[in-house]
Amino acid sequence: MPYHNYEQHLMGSAEIIPKGSFEVGSMQSFKLIYKAGKFGIDDQGGFMVGLRPHFDGSKLQQHDPKAEGYVTVESSKKIPIELKIEIRRSIRPLQKNLYIICKKFLKEDDKIIIRIGDRRFGSPGVRLQTFCEKKFDFKILVDPFATQDFIPLPDGKHPEISIVPTIGKNWKLVAPSLRRPKEKFRISIKCEDKWGNPSNKVRMVFFLHSKEKIIGLPKKITFKKGQFSEIIHDLNIDKEGVYKIDLKDVNNNLLASSNPIVIKNSPFAHFWSDMHGQSRETIGTNTAEEYFDFAKNKSFLDICGHQGNDFQITDKFWKELNKITKSYNKNGIFISVPGYEWSGNTSVGGDHNVWYKKEGRPIFRSSRALLYEESKKGNDAHTSKDLIKKLKNEDALVVAHVGGRYADIGYAHDANLEPSVEVHSAWGTFDWLIKDAFRLNYKVGIVAASDGHKGRPGASFPGDSLFGSYGGLTCHLLERLDRDSLFEEFRARHHYATTGARIFLDVKGAFSNKTHLISPISKKKVSINSCLMGDDILTNSNEFKLDVNVEGTSPLEKIELYDGLKLLKTLYAYERTTSTNRIRITCAGQYYRGRGRLVNWDCKALFETGKIIRYKCFNFWNPNRQPKKLNPNTVQWKTVTTGGNSGIDFWVVKDTFKNNLTIKNNFKDININLSDVDYKPKVFKFGGMDIRMHVQKLPEKLKQTSLKKVFNLSLKKPINYRFYIKVIQEDGHQAWSSPIYIKKV
């Protein structure tokens, strides 16, 4: 960190009371005691307590002594002290800060006592963050000379606590999506607390059930206290088909069902990745070692990459990160990929992921904003154009994405280097990025990742902060699980993206006439009669059969077929003519492309007559901010969107449809006659980039989780076609296939 390091050992000391481990989201009260060092503290000097920006506990405040997060400060010498609570004033990653300003000087050993969550005046305390952190530290930086030049205490001398999971609530059973007959696979089981952290505080005997025979599947499993997960290896299935495994308790209650397991003779199997997230060495939490351990053993990924901001990666950490990826990389078991986030400003290209096939390659930084080391400055790449030039002879992959900074893919692009764009992460959903690519006539695939900063790659809950979505996943179609296969198929765009659900999606095409596949990089033409998602095709055929197979993780709502920017067809997973008593209200959109995209919603639905039988929400990721029923015909909710959506389904008595629905909200109140509401959504626009509310009918119950469809598409016009599928599930999860690019000649 670029703070002054003058005589750090003389800057005093600090302790936190109580010490130890505390559960996520729990209410606590801490006393942080700073003892002045040899220099004391000069009049108008002081110190700073720094927290990381993704701390999503109570908002610290000093104005309401009865509210949570109340902070007080006093001195052992009773001198006057000023407390300021500020955000984004200090150097990252310490962007939530308490500033202590002494109005008179302190001597050596004089003390300042800060009470965080001070309960003496009626405050319930301070609510801790929603995610686990082995080493949650209160960084102390001292200004003993009143120069505003803060000097941190030595490493290892900052007060710290440990934040651990609470009791497990939601069981998860994770299985592979596609394997060949008799091919060995594993299933993995965990129990998450209400904030999405794997819990080690569960003790239970449970049972595994499948309607069809799965060789090696045990009937009974014991989950012991202290255990985070149970992984069952060496399973296999003889026959082709679609399988599921249920997890039940001793009373035969269903705890969880696996994602669909498709067994099929196929040249490819499906492997899941989250290749984009950070650890505490940059702006994230927990160490890089813990990051990869979580990916492998707690979210059960097949492939994982680390993407620290380049301007914060020291040469030392870059070497350490390469050692970690090399140690975790095991062919056929788990693939870890070295890389970094090229974090240039949007004006010079914006955020891009960089991954290497091998360790030991250089890091081409967008800047050295938080680095003072001078080594290899000639390797810097200040624009995405420079980055492309630097990587020309490297065995690397690059993907544009939307994080704090968003990528401007029109600024620079290299088709050989940049096979795909990222349309979803914990930051939100960004369909507009693939649309940008289409407008620019790029041929790109579609991926998703978490871009998580909370140390949970592959299972990235947004918590209670700036992140508005559950982190995404990418499913890779690979012949085998190793880096060679990953890079080869990534360049061929043989992958699809989801918003975090392990949806099975198979999209392939067939031609009647002469057709060629154009190979990535070499551009060699290969004669074919069928193709996969992501393929680049040259054909003289007038017809194209697009074969789509979806196995959802919840009931399906619809499938959309696109040709580039144009929606061609919508296939609903239900009959739209049936009578129903279900109304869906959806909040969606973002203010704009950059950091200020988050939309806060404050809504209330009032049904004029009748009553609400029940309601159910989707994409409400904060368990402390769920909809509330105020009376028999009124529900109130608060939520956030960042490009994606969040909504509520209402089941009402039939007479309700004869009268009005009023939706009060923080944009503009809506009044609708429910007799006018149909399956086609009514859309109300509220400005920003695409802020909107949808109101529509849905069938009382959606049942269909599987959908197979062959689309017969015309290729009569000699133009370029870009066919892809978007899947929308009832629970709000989505999937996108990489487009098939067809040039008709």
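Structure: above.
Below or above, wherever it landed, is the structure these notes cover. (Residues numbered from 1 in each chain as written. Predicted model: local features only at pLDDT ≥ 70, side-chain atom pairs only at ≥ 80, totals over all residues. Heavy atoms only, no water.)

### Quick notes on the packing of aromatic side chains
Given two aromatic rings, one states the distance between the centres and the angle between the planes to describe the pair.
Alright, step 1. Throughout the structure, instances matching the rule amount to 37 aromatic pairs.
Alright, step 2. Judged by centre distance (6.4 Å) and plane angle (65°), the rings of Tyr328 and Phe334 are edge-to-face.
Alright, step 3. Using a relative accessible area of 12% as the deciding quantity, one classes Tyr328 as buried.
Alright, step 4. The structure contains a cluster of three or more aromatic residues connected by ring pairs, namely Phe22, Phe30, Phe55, Phe136 and Phe138.
Alright, step 5. Cation over ring: Lys298 sits above Phe228, and NZ or CZ is 3.9 Å from the ring centre.
Alright, step 6. Sitting over the ring of Tyr411, Lys385 keeps its end group 4.7 Å from the ring centre. (Phe/Tyr/Trp six-rings, centres within 6.5 Å; stacked < 30°, edge-to-face > 60°. Buried < 20%, exposed > 50% of the residue type's maximum accessible area, 1.4 Å probe, protein only. Lys NZ or Arg CZ within 6 Å of the ring centre and 35° of its normal.)

### A short note on a positive patch on the surface
Alright, step 1. Together, Arg614, Lys616, Lys701 and Lys703 make up a positively charged patch on the protein surface.
Alright, step 2. Structurally, Lys701 is set in the loop between strand E51 (692-698) and strand E52 (706-714). (Patch = residues over 30% accessible without salt bridge, like charges linked within 9 Å, V, L, I, M, F, W, Y side chains within 5 Å. Areas by Shrake-Rupley, 256 points an atom, 1.4 Å probe, with all protein chains shown as cover. Salt bridge = Lys/Arg side-chain N within 4 Å of Asp/Glu carboxyl O. Lys, Arg positive; Asp, Glu negative; His and termini not counted. Charge placed at Lys NZ, Arg CZ, Asp CG, Glu CD. Helix = DSSP H or I, 4+ residues; strand = E, 2+ residues; numbered from the N terminus.)

### So, a nonpolar patch on the surface
Alright, step 1. Together, Tyr6, Phe39 and Phe145 make up an exposed nonpolar region whose accessible area comes to about 260 Å².
Alright, step 2. With respect to the element layout, Tyr6 can be found in the segment before strand E1 (13-17).

### Overview of empty space enclosed by the protein
Alright, step 1. Counting across every chain of the model gives seven cavities of 30 Å³ or more.
Alright, step 2. Looking at the largest cavity, its volume works out to about 130 Å³.
Alright, step 3. Residue lining of the largest cavity: 16 residues in total, with His424, Thr429, Ser469, Asn619 and Asn645 positioned closest to the centre.
Alright, step 4. Classifying every residue of the lining of the largest cavity gives three nonpolar, 13 polar and no charged. (1 Å grid on protein atoms, 1.4 Å probe; cavity = no way out; pocket = protein on both sides within 12 Å on 5 of 7 lines; lining within 4 Å. Points joined across faces, edges and corners; volume = space filled by probe spheres on them. Nonpolar A, V, L, I, M, F, W, Y, C, P; charged D, E, K, R; others polar.)

### Concerning the pairing of strand E5 (residues 46-51)
Alright, step 1. Most of E5 is tucked away, with six of its six residues classed as buried.
Alright, step 2. Residues Gly46, Met48 and Gly50 point to one face of E5 and Phe47, Val49 and Leu51 to the other, with burial holding for every one of them.
Alright, step 3. Both E5 and strand E8 (residues 96-102) contribute to a ladder of six bridges, which runs antiparallel. By the bridge assignment, Gly50 is partnered in E8 with Asn97.
Alright, step 4. In the sheet, E5 pairs with strand E12 (residues 139-143) via five bridges, with the strands oriented antiparallel. Bridging from a neighbouring strand, Gly46 pairs with Asp143 of E12. (Pairing = 2+ DSSP bridges.)

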